[in-house]
Amino acid sequence: MDIRNIGVVGAGTMGIGVSHAFAEAGFTVALVDIDERALERAKTEIERNVRFYPLLRKEAPARPASDVLQNISFSTGLAALGNAQFVVENATENWGVKQGIFPGLDEVCPEECVLAVNTSAIPITKVAALTGRPDRVIGTHFMNPAPLKPLVEVIRGYHTSADTVRLTQDILAGIGKESIVVEDSPGFVTNRVLMLTINEAIFLLHEGVSSVRDIDRLFKKCFGHTMGPLETADLIGLDTILYSLEVLLENFDDPKYRPCVLLKQLVDAGLHGRKNGKGFYTYDERGQIREEADRG
Ligand SMILES: NC(=O)c1ccc[n+]([C@@H]2O[C@H](COP(=O)([O-])OP(=O)(O)OC[C@H]3O[C@@H](n4cnc5c(N)ncnc54)[C@H](O)[C@@H]3O)[C@@H](O)[C@H]2O)c1
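Because the structure is predicted, anything quoted here is derived from the model rather than measured.

Some details on the site of the ligand
Looking at the ligand, there are 26 residues lining it, with Met14, Asp33, Glu93, Ser120 and Ile236 nearest. Taking glutamate 93, its side chain carries an N or O atom lying 2.5 Å from an oxygen atom of the ligand. In the environment of the ligand, an oxygen atom lies 2.8 Å from a nitrogen or oxygen atom belonging to the backbone of asparagine 118. In the complex, the protein chains occlude 88% of the 830 Å² of accessible area that the ligand would expose alone. Of all the secondary structure elements, the ones that give two or more residues to the shell around the ligand are α1 (13-24) and α4 (95-108). Broken down by element, the residue count for the shell around the ligand peaks at 3 residues, all from α4. Class assignment for the residues of the shell around the ligand results in 10 nonpolar, 11 polar and 5 charged. Here the shell around the ligand spans two domains, and each of domain 1 (5-183) and domain 2 (194-290) adds at least three residues to it.

Quick word on the sheet that holds strand β5 (residues 114-117)
Taking strand neighbours across the sheet as the criterion, the 8 strands line up as β3-β2-β1-β4-β5-β6-β7-β8 in an open arrangement whose pairing is mixed. A single partner strand is all that each edge strand has here, and the edge strands are β3 (72-75) and β8 (178-183). This sheet shows a mean twist of 25° between the axes of neighbouring strands, independent of strand direction. In the sheet, strand β6 (residues 137-141) pairs with strand β7 (residues 151-156) via 3 bridges, with the strands oriented antiparallel. Within the sheet, the bridge partner assigned to glycine 139 lies in β7 and is isoleucine 155.

Quick look at unusual backbone geometry
Of the consecutive residues asparagine 144 and proline 145, the connecting peptide bond is found in the cis state with omega at 0°. Along the chain, the position of proline 145 falls in the loop between β6 and β7. A positive phi angle, near 60°, is found at phenylalanine 188, a position not held by glycine. Looking at where phenylalanine 188 falls in the secondary structure, it is placed in the loop between β8 and α7 (190-206). Residue class for phenylalanine 188 comes out buried when judged on its relative accessible area of 4%.

Brief notes about the domain arrangement of the protein chain
Segmenting the protein chain into domains produces domain 1 (5-183) and domain 2 (194-290). For domain 1 and domain 2, the distance between their C-alpha centroids amounts to 24 Å. At the junction of the two partners, domain 1 supplies 11 residues and domain 2 supplies 13 residues. Surface buried jointly by domain 1 and domain 2 totals about 1,000 Å² across both partners, of which 57% is contributed by carbon and sulfur atoms. It is Phe52, Glu93 and Asn144 that lose the most area in domain 1 upon contact with domain 2, and together they represent 37% of the buried surface on that side. Taken together, the connections running from domain 1 to domain 2 amount to 0 salt bridges. Inspection of the domain 1/domain 2 interface yields 2 residue pairs in polar contact (both at pLDDT 80 or more). Partitioned by chemical class, the residues of the side of domain 1 that touches domain 2 number 4 nonpolar, 4 polar and 3 charged.

Topic: the pattern of salt bridges
Using the criterion set out here, one finds 13 salt bridges in the structure. Among the ionic pairs, lysine 43 bridges to glutamate 40, the shortest N-O distance being 3.6 Å. In this pair, lysine 43 and glutamate 40 are both assigned in helix α2 (residues 36-57), 3 residues apart and thus about one turn of the helix distant. In this structure lysine 43 comes out as partly exposed when scored by relative accessible area, which is 31%. Measuring nitrogen to oxygen at the nearest pair gives 3.0 Å for the salt bridge that ties lysine 275 to aspartate 239. Separated by 36 residues along the polypeptide, lysine 275 in the loop between α11 (261-268) and β9 (281-283) and aspartate 239 in helix α10 (residues 238-252) bring together distant segments of the chain. Given a relative accessible area of 41%, lysine 275 falls into the partly exposed group. By relative accessible area, aspartate 239 is classed as buried at 9%.

Describing the packing of helix α9 (residues 229-236) against α10
Two elements in contact, α9 and α10, have axes separated by 6 Å at closest approach and are oriented at 95°. Taken together, the axis directions place α9 and α10 in an arrangement best described as roughly perpendicular. Residues Ala233, Asp234 and Ile236 of α9 touch α10, and the partners they reach there are Leu238, Thr240 and Ile241. Per-class residue counts for the contact of α9 with α10 are 4 nonpolar, 1 polar and 1 charged.

Cut-off values and rules
Residues numbered from 1 in each chain as written. Predicted model: local features only at pLDDT ≥ 70, side-chain atom pairs only at ≥ 80, totals over all residues. Heavy atoms only, no water. Near = heavy atom within 4 Å. Polar contact = N/O pair within 3.5 Å; in protein donor to acceptor, adjacent residues only side chain to side chain. Areas by Shrake-Rupley, 256 points an atom, 1.4 Å probe, with all protein chains shown as cover. Helix = DSSP H or I, 4+ residues; strand = E, 2+ residues; numbered from the N terminus. Nonpolar A, V, L, I, M, F, W, Y, C, P; charged D, E, K, R; others polar. Domains from an automatic or database assignment. Pairing = 2+ DSSP bridges. Axes fitted to C-alpha atoms, helices over the stretch in contact; angles between N-to-C directions. Buried < 20%, exposed > 50% of the residue type's maximum accessible area, 1.4 Å probe, protein only. Contact = heavy atoms within 4.5 Å. Buried area = accessible area lost by both parts, 1.4 Å probe. Salt bridge = Lys/Arg side-chain N within 4 Å of Asp/Glu carboxyl O. Parallel < 35°, antiparallel > 145°, perpendicular 65-115°, else oblique.

Encoded structure:
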């Protein structure tokens, strides 16, 4: 199947990056969010990132920002996905939200369209059961920022067909991404490890064992990580970390996934990390770290 029309649901951190990656590779993208302001923000951020990311890679831009934006339409209704051949869903990490979206996608998208779930932790088999096409539902766990990350963790649900896996890997190759296929389990491989690491780093901070900067420096200097766990948490979004831990706790029923109370407090206080300028650090308008965040 020759695939040109991509649907993207959710215009937050991930939807912005996923739309950018497909549009820059020449695909036509229909980006849908329920929030008009999120769509406006997405437009501005994609335009900025198309210019900014090549500077980070020390490369010339693949195409002008105006060309990339021309490949993307912005809408508030799923009806915009009536011609989609491959949809990547990136709405908020919450079961109720996914539950509200997938029956609608199943109704509106053509029968052969693959529905890819870009979740951090929710089991793909559970999402697939919301549709009448569980063989065409698959997990595509993109890393953030999606245009810069070379690999996608692909998750095979219980009913995902071999054709769906092949087609998904081909499409990802078409935007320059390698993929690794794993079996379905909450959090998959990456986030089952990463969420525990981040949560434990937050516990260390909460207990006063070390500071934000020193926790991150230990990981960077000792292990050669490019980012420490708390910078990584800010990049992902503290709200998304909290929701992901809640999904892991609920699905495994194992207390090792209980979110640190400090994480809950920061999310309640509106500190969502890089996406809204303040988390464990504060950020400038380009998303670069300014300093360690103060309370109050
Ligand atoms: N942030 C990361 O690093 C990361 C990485 C991989 C996967 N994910 C997953 O991607 C998904 C999105 O995460 P994010 O970080 O982009 O979150 P986000 O909070 O930045 O954005 C979520 C967006 O979904 C929109 N939304 C909510 N309900 C919707 C609906 N019914 N229909 C359409 N849009 C809706 C919101 O308006 C918002 O713009 C989550 O499932 C998350 O676990 C996140």
